[in-house]
Amino acid sequence: MAAIEMKNIVKQYGDGFPAVNDISIDVEDGEFMILVGPSGCGKSTLLRMIVGLEDITSGDMVIGGKRVNDLAPRDRNLAMVFQNYALYPHLTVYENIAFPLRLAGASNEEVDKKVRDASKTLELDEHLERKPGNLSGGQRQRVAMGRAIVRDAQAFLFDEPLSNLDAKLRGQMRTEIARLQRRLGITTVYVTHDQTEAMTLGDRVAVLKRGILQQLATPRELYTNPVNLFVAGFIGSPPMNFLPATVEGSSVKMPFGTVKIPEDRAKRAQGKGLLIAGIRPEHFEDSAVMEPGKATPGSTFKTKVDVVEWLGNQAFAYSPFEAPAEVQQQLLELERDLDGEALHTQLVISLDSSSRVKEGDEAEIWVDSSKIHLFDPVTGDNLTVDESAAGTIPSDTSTAEVADQQNAIATPGEQEAATET
Ligand code: ATP
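Nothing here was measured: the structure is a model prediction, and the numbers come from that model. (Residues numbered from 1 in each chain as written. Predicted model: local features only at pLDDT ≥ 70, side-chain atom pairs only at ≥ 80, totals over all residues. Heavy atoms only, no water.)

Quick look at the overall build of the protein now. Counting its secondary structure elements, the protein contains 11 helices and 21 strands. In the protein, which comprises 421 residues, the share counted as buried stands at 52%. By sequence separation, contacts in the protein at least 24 residues apart represent 72% of the contacts at least 6 residues apart. Carbon and sulfur atoms make up 46% of the accessible area of the protein, which amounts to about 19100 Å² in all. (Helix = DSSP H or I, 4+ residues; strand = E, 2+ residues; numbered from the N terminus. Buried < 20%, exposed > 50% of the residue type's maximum accessible area, 1.4 Å probe, protein only. Contact = heavy atoms within 4.5 Å. Areas by Shrake-Rupley, 256 points an atom, 1.4 Å probe, with all protein chains shown as cover.)

Moving on to the sheet that holds strand E17 (residues 307-310). Spatial strand order, E17-E18-E19: three strands in an open sheet with antiparallel pairing. Edge strands, defined here as strands with exactly one partner in the open sheet, are E17 and strand E19 (346-352). Averaged over all pairs of adjacent strands, the angle between strand axes in this sheet comes to 20°, irrespective of strand direction. Pairing analysis gives seven bridges linking strand E18 (residues 314-320) to E19, with the strands arranged antiparallel. Bridging from a neighbouring strand, Gln 314 pairs with Asp 352 of E19. (Pairing = 2+ DSSP bridges. Axes fitted to C-alpha atoms, helices over the stretch in contact; angles between N-to-C directions.)

Helix length check: helix H3 (residues 108-121) (14 residues) gives 20 Å between terminal C-alpha atoms against 20 Å at 1.5 Å per residue, within 8%. Listed in full, the buried residues belonging to H3 are Val 111, Val 115, Ala 118 and Ser 119. The buried residues of H3 occupy an angular sector of 95° when the element is viewed end-on, so they sit on one face. Turned more than 90 degrees away from the buried face of H3 sit Glu 109, Lys 113 and Lys 120, all of them exposed. Residues of H3 that are buried in the fold lie against helix H2 (93-103) and helix H4 (137-149). (Expected span 1.5 Å × (residues − 1). Arc of directions from axis to C-beta.)

Tallied over the full model, the rule gives 17 salt bridges. Residue Arg 67 is joined to Asp 60 by a salt bridge in which the shortest nitrogen-to-oxygen separation is 2.7 Å. Judged by its relative accessible area of 45%, Arg 67 is partly exposed. Overall, the relative accessible area of 28% leaves Asp 60 in the partly exposed class. The residue Lys 358 makes a salt bridge to Asp 361 at a minimum N-O spacing of 3.4 Å. Here the salt bridges do not stand alone but share partners, grouping Lys 11, Arg 48 and Glu 54 into one network. (Salt bridge = Lys/Arg side-chain N within 4 Å of Asp/Glu carboxyl O.)

On to the packing of aromatic side chains. Applying the stated rule across the entire model yields nine aromatic pairs. Look at Phe 32 and Tyr 190: their rings are 5.7 Å apart centre to centre, the planes differ by 50°, and that puts the pair in the tilted class. Of this pair, Phe 32 sits in strand E3 (residues 32-36) while Tyr 190 sits in strand E8 (residues 188-192), and the two are 158 residues apart along the sequence. Taking 4.5 Å as the distance between ring centres and 35° as the angle between the ring planes, the aromatic pair formed by Tyr 88 and Phe 99 counts as tilted. Note that Tyr 88 is positioned in the loop between strand E6 (78-81) and H2 and Phe 99 in helix H2, a separation of 11 residues in sequence. You can call Tyr 88 partly exposed: its relative accessible area is 24%. For Phe 99, a relative accessible area of 22% corresponds to the partly exposed category. An aromatic cluster of at least three residues, connected via ring pairs, comprises Phe 32, Phe 156, Phe 158 and Tyr 190. Above the plane of the ring of Tyr 223 lies Arg 280, whose end atom (NZ or CZ) is 4.2 Å from the centre. (Phe/Tyr/Trp six-rings, centres within 6.5 Å; stacked < 30°, edge-to-face > 60°. Lys NZ or Arg CZ within 6 Å of the ring centre and 35° of its normal.)

This is how it looks when you write it as structure tokens:
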């Protein structure tokens, strides 16, 4: 096991485009680190530089205290688990797990002990004599992990390992990976574009956009204190609502009414003109179902609801609003950055399932005003963020000008080549 330090890592492909642009991340020994972001943000490139499949243009990659920039993949002792598992179809589960040990010339006795230990941990004992073709996606995933475990690697590296699985199995495998990583305590770097995986698995999460680190923080910090519009829109489902807003004193004027927010949150927003307010759907409630006392601090307002979706355990109410052109423009850009996640000019309000709000109602809605964020519409910076609690905030994320070039793809066969690093 080892810590992984990435220091000012830059990757420029042949055309000079910085796929990874000055990224510094310290993964602690035993930590579960997530690299997350939309397609083309550079997360796979960064992972491939850790494992040694991509040259590093500049910066230092330090693993276990040793600079590895010039070390071949096989000399880094890292175990990579790929999306397509890269199992050998003609070998049994046992021999697939044993493969790296046989390659390293281990004795039969050592192979047997390690394979059986791994298969016990992964609950694969009854499948050892089967071939991968007869296994479910989840079982194949575990075999691929078994092969990584037997190598006593310094760290596990996962590249979107669950994206081939159906939703149910994905949920199941997610908990299995979390459990296994905690049990083994092995340093792990895990690439995903799925914010649920990022939030549920990571000790810390690095959010990337166009090759630039936006925020590095625990899932809770990312959710409560997103440093900019991008992180705010990326983390949370359904996504945060974004509305036009102006601030006077500690009053925030939004399309549905004016709400007072705590003074310290309003401080940096003074005199900034038109802003974007961000409110998560779950920070609203039907005021009719609020328990007495819970409504403070908070405000209520009336809004016309045009659609209600009742899901059993909760409900969503939708209420359209008007937004000026500049706010719409910023939201369109954000939508593009978020890979097409639609951000309509409508309030999405999460309601308790006992709420009787229905379509066409002029509903009285409560909002937790202490949770309202205010963003600068030009830079996207969160003006209400508690900087002491927001984790690592790279200084120039919002102003960095990065060309948008997302067409190139990794060469086929790279994954094959990398399997037995
Ligand atoms: P995805 O989830 O779609 O795999 P990603 O976040 O992992 O995306 P990368 O694959 O790391 O992104 O790519 C980052 C950027 O680098 C993209 O703009 C991509 O087009 C570019 N890129 C990746 N591989 C190459 C390559 N071999 N040659 C040139 N450009 C590349």
